[in-house]
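# Structural overview for review
What follows is the residue order along each chain.
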Amino acid sequence: MSLPALPLPDEDRQPFGPPPEYAALRTAPRLTRVTCPTGLDAWLVSDYAGVREVLGDGRRFSTRPGQAAHVLAAFRGPDSPVEGGFSQLDGPEHIRIRRNFAPQVSNPRRLAELQPLVEQITDEAVTRMLGSPQPFPLHSQFSTAITTAVIAELIGVPPDRRHLLHEAATALFTTSTTPDGLRRALEPLWAYLYELVATRRARPGDDVLSRMIEHSADSERPLTDAELTQMNGALLIAGFDTTASMLTYGLVCLLNTPGQWAKLCARPELAASAAEELVRYLGVGIGLLRQATEDTAIHGQPIRAGDYVVVAVQSGNRDTALHPDADRFDVTRRPGAHLGFGHGAHACVGQQIARIELTTVLRALAERVPTLRIEVPLHEIEWKRDSVVRGPAELPVAW
Amino acid sequence: MIRVATDRDRCIGSGMCVLIAPAVFDQDPDDAVVVLLDESPPETARPAVEQAVDRCPAAVIRLLPEPADRV
Ligand code: HEM
Ligand code: SF4
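Since the structure is predicted, the reported quantities are computational estimates derived from the model, not experimental observations.

## Quick look at the overall build of chain A
Broken down by element type, chain A carries 13 helices and ten strands. In terms of overall dimensions, chain A is globule-like: its C-alpha atoms have a radius of gyration of 21 Å, near the 21 Å expected for 399 residues. When contacts within chain A are restricted to residue pairs at least 6 apart in sequence, long-range pairs at least 24 apart make up 75% of them. When the 40 positive and 47 negative side-chain charges of chain A are each reduced to one mean point, those points stand 3 Å apart.

Here it is as structure tokens:
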């Protein structure tokens, strides 16, 4: 008997997701087994406690197959198309990499230094937008421009090389990319980063890459060139499209949920809670994949070693166990321990940077462009269909 | 007074605890691993510490039961 298909985001039907099927799945007494777009069969976990349990236990539930191998064709084969990718490591090997990231991307003192950079990039982008003809393509010219500039500045990638990260990300996040297609698409960015590592080893600067080199130099196992390339490549690829899409998608949600944009404009200091609520409400609609490492159980359902498990993160964040009215979007709420940046050892490396970016940009728009409006009705928005990073493909706005 | 413990081996340096309860937690400037500033903070710190327990992605922080002689 063939299994039901994994319910995937369909923004035409449910613009701010998750698909309506999840309401029943979340409260069902048993887990469901589904077939994923890449052909693998998996247990589907869609309630808050279950998602949190699976993501929180890397010993029982490994990321080895790739976090999105349930939807990305490039991860279908036995070999990862991203060689040496730390995202597919578990345990101490993975923690070692995370500890080389953390001082650069999630230490409060380091983050305080980043704030002025993000503010400056944002202010310039708002000024540029206000001087542009209308309608203005917000996703490409504003959201993506800001988040690309921030991550590229952090790592020290000059403007004439930034197209490399856009091309790599498009290939990595597009569901239909083949394994070979992905290897070919990543090659130019990897080659450039290898060169950059050599340059920074010879002439260190104040950027994240130089600091990683310096920081790991006195450790027991200094980072290799391949690891540095991987880590900085991951920051560049994962760092701009996710946050840009969250901004653009977030503005659609803010402007289409009655009263929410007005509340934010009246009190721009709500930007931080609005940003957090957007990540809770809209984050990871596509879900995440894990593989059981041993015979175990989730909610009493026996799971065999080797079984795949898909966690429906967005559905988990809409569970009444997290908030009694979790299906409502509310910029004044404290979203609490939501799972929009993931949970467990693989939880988003860049989440503190993303928070700073989202908060700074929302605040700037609420203060400087309160008349912001979307120039097409909700049902005419063109959504990204073949990407794991969801949101509008473009968004024409005026003010 | 409450009692707090951390398991530094599993900390990923996410910085959530420091954002939520800076009087109780800090991060090592070198590897960003959690540093417990106060193992037995006052009762008033309980809500923030509970929130840190809930939001720590790596389940590193624990709120210990009161010692028996104090219950
Ligand atoms: C709103 C924006 C963002 C969202 C919603 C988001 C979401 C996520 C999620 C859910 C995961 C966990 C995947 C898993 O457990 O399998 C993750 C991992 C990751 N994120 Fe983000 N992210 C965002 C922004 C960023 C930024 C700005 C950066 C870089 C500066 C970044 C870099 C990474 C990296 C490198 C990982 C892999 C971590 C690991 O496997 O240990 N992300 N992200
Ligand atoms: S919240 Fe948890 S993982 Fe993050 S720094 Fe604190 S103890 Fe470490």
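## Let's talk about the coordination of the iron atom of ligand 1
No other protein atom reaches the iron atom of ligand 1 as a donor apart from Cys348 of chain A (SG), found 2.3 Å away. Relative to the assigned elements, cysteine 348 of chain A resides in the loop between helix H12 (313-317) and helix H13 (351-368).

## Looking at the site of ligand 1
Residue and element names in this part refer to chain A. Near ligand 1 there are 23 residues, and of these Ser87, His94, Arg290, His346 and Cys348 occur at the shortest range. Glutamine 67 is positioned with one of its side-chain polar atoms (N or O) 2.9 Å from an oxygen atom of ligand 1. Here an oxygen atom of ligand 1 and a side-chain polar atom of arginine 290 are 2.7 Å apart. Those elements giving two or more residues to the shell around ligand 1 turn out to be helix H3 (91-105), helix H9 (225-256) and strand E5 (288-292). With six residues, the top contributor of residues to the shell around ligand 1 is H9. The residue makeup of the shell around ligand 1, split by class, is eleven nonpolar, ten polar and two charged.

## Some points on the pairing of E5 of chain A
Residues and elements named next belong to chain A. Within E5, five of the five residues are buried, which leaves the element mostly enclosed by the surrounding structure. In E5, alternate side chains face the same way, and those of Leu288, Arg290 and Ala292 on one face and Leu289 and Gln291 on the other are all buried. Two strands pair when backbone bridges link them, and strand E3 (residues 61-62) and E5 are joined in this way by two bridges, in the antiparallel orientation. Looking at E5, one finds that serine 62 is bridged to glutamine 291. Across four bridges, the pairing between E5 and strand E8 (residues 308-311) is antiparallel. Following the sheet pairing, arginine 290 is matched in E8 by valine 309.

## What about the packing of helix H6 (residues 163-173) of chain A against H9 of chain A?
Residues and elements named next belong to chain A. Close contact between H6 and H9 brings their axes to 9 Å; oriented N to C, the two are set at 80°. Relative to H9, the element H6 lies roughly perpendicular. The residues of H9 that touch H6, namely those facing Leu165, His166, Ala168, Ala169, Leu172 and Phe173, are Leu236, Ile237, Ala238, Phe240 and Asp241. Taken together, the residues that form the contact of H6 with H9 break down as nine nonpolar, one polar and one charged.

Conventions adopted
Residues numbered from 1 in each chain as written. Chains lettered and ligands numbered in written order. Predicted model: local features only at pLDDT ≥ 70, side-chain atom pairs only at ≥ 80, totals over all residues. Heavy atoms only, no water. Helix = DSSP H or I, 4+ residues; strand = E, 2+ residues; numbered from the N terminus. Rg over C-alpha atoms; globule rule 2.2 N^0.38 Å. Contact = heavy atoms within 4.5 Å. Lys, Arg positive; Asp, Glu negative; His and termini not counted. Charge placed at Lys NZ, Arg CZ, Asp CG, Glu CD. Donors = N, O, S within 2.8 Å, 3.2 Å for Na, K, Ca; no water. Near = heavy atom within 4 Å. Polar contact = N/O pair within 3.5 Å; in protein donor to acceptor, adjacent residues only side chain to side chain. Nonpolar A, V, L, I, M, F, W, Y, C, P; charged D, E, K, R; others polar. Buried < 20%, exposed > 50% of the residue type's maximum accessible area, 1.4 Å probe, protein only. Pairing = 2+ DSSP bridges. Axes fitted to C-alpha atoms, helices over the stretch in contact; angles between N-to-C directions. Parallel < 35°, antiparallel > 145°, perpendicular 65-115°, else oblique.

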